[in-house]
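The residues making up each chain are set out below.
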Amino acid sequence: FDKSLYSEYLDALLSANQLDKAFDLTTKMQQVRRQDGAILVDQANVLFKQGKQKESETLRQEIVKNTPYDQFQIKLTADALQRYDFTEDAIQLYQLARTNLNAPYLFANELAILYNRSGNKQGAIDVLLDITEMQTRDDDEVKKNILAIVESDKKVNSYFEKTIGKRLKDRPSERLTNLYV
C-alpha cells in the first residue's frame, strides 16, 4: 500500500468528477487499512461531493465516535477532517479524545487553531488560557497568539479580560498574571 499513490489517484478521480470510482476506491482501501480513519474521512468527502450530505455527516459522526484512543490516529483523522474543511468534526474529535483520555490539555494547540479558524474566538482564548495554566513552554508564544485573536475585536478583547480576571480570582497563578499584564 502506497498512501501517497492512493491520495494522488483519489485526487485525480475527484478532479475528474468520477465520484463513483472515488467511492469504490475508498471502499476498497478500507479493506486494506481497516484502522485508518483518514480513509473513512476520504469516503465521507466523496459522499459530500455526491450530494449525500446526510450520509456524509452520519459517517463523520461515526468516525468521531469510533476513532481509537490513540493520539497518532486521532491526529491523522483530525488532519484528514481539516483537509476537507470538516472543521467542526475535527473539533469534536479532539474534544472527545481529551475527555475519553482524561487529558484536558491534550491537543490544546490544535483546538485553539481550529476554534480561531472557525470564528470561535472565545473558544480559542479559553483553550489558550488552559495552555497557559499547564504550560511548560514559553508564555510569550501563547501571549502572541492571544493578542492576534483579541486585537481586532473589542468584544473578544472584553471576553478575554473578563475570563482571565475570573480565572485569576478562582485560581491565582503567576503564569496567568504575567499573561494579563
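Preceding this paragraph is the structure being described.
Reading guide: rules and limits
- Residues numbered from 1 in each chain as written.
- Predicted model: local features only at pLDDT ≥ 70, side-chain atom pairs only at ≥ 80, totals over all residues.
- Heavy atoms only, no water.
- Axes fitted to C-alpha atoms, helices over the stretch in contact; angles between N-to-C directions.
- Helix = DSSP H or I, 4+ residues; strand = E, 2+ residues; numbered from the N terminus.
- Parallel < 35°, antiparallel > 145°, perpendicular 65-115°, else oblique.
- Left-handed = near helix turned anticlockwise from the far one by under 90°.
- Contact = heavy atoms within 4.5 Å.
- Nonpolar A, V, L, I, M, F, W, Y, C, P; charged D, E, K, R; others polar.
- 1 Å grid on protein atoms, 1.4 Å probe; cavity = no way out; pocket = protein on both sides within 12 Å on 5 of 7 lines; lining within 4 Å.
- Points joined across faces, edges and corners; volume = space filled by probe spheres on them.

Trainee: Whenever I open this one, the packing of helix H3 (residues 37–49) against helix H4 (residues 53–66) confuses me. Can you help?
Mentor: Helix-helix packing: each pair is described by the crossing angle between the helix axes and the interaxial distance. Two elements in contact, H3 and H4, have axes separated by 7 Å at closest approach and are oriented at 165°. Regarding the angle of H3 to H4, the classification is roughly antiparallel. At the point where H3 passes H4, the crossing takes the left-handed sense. Between H3 and H4, the contacting residues are Leu 40, Val 41, Gln 43, Ala 44, Leu 47 and Phe 48 on the first element and Gln 53, Glu 55, Ser 56, Leu 59, Arg 60 and Ile 63 on the second. Of the residues in the contact of H3 with H4, the class split is seven nonpolar, three polar and two charged.

Trainee: Explain empty space enclosed by the protein to me, please; I cannot follow it from the model alone.
Mentor: Summary: where empty space remains is shown by rolling a probe the size of a single water molecule over the atoms. Scanning all chains against the criterion turns up one cavity of 30 Å³ or more. The volume enclosed by the largest cavity comes to roughly 40 Å³. For the largest cavity, the full set of lining residues is Val 64, Lys 65, Thr 67, Tyr 69, Ile 74, Leu 93, Leu 96, Ala 97 and Asn 100. Elements with a contribution of two residues or more to the lining of the largest cavity: H4 and helix H6 (87–100). Of all the elements, H6 adds the most residues to the lining of the largest cavity, at four residues. Considering only residue class, the lining of the largest cavity consists of six nonpolar, two polar and one charged.

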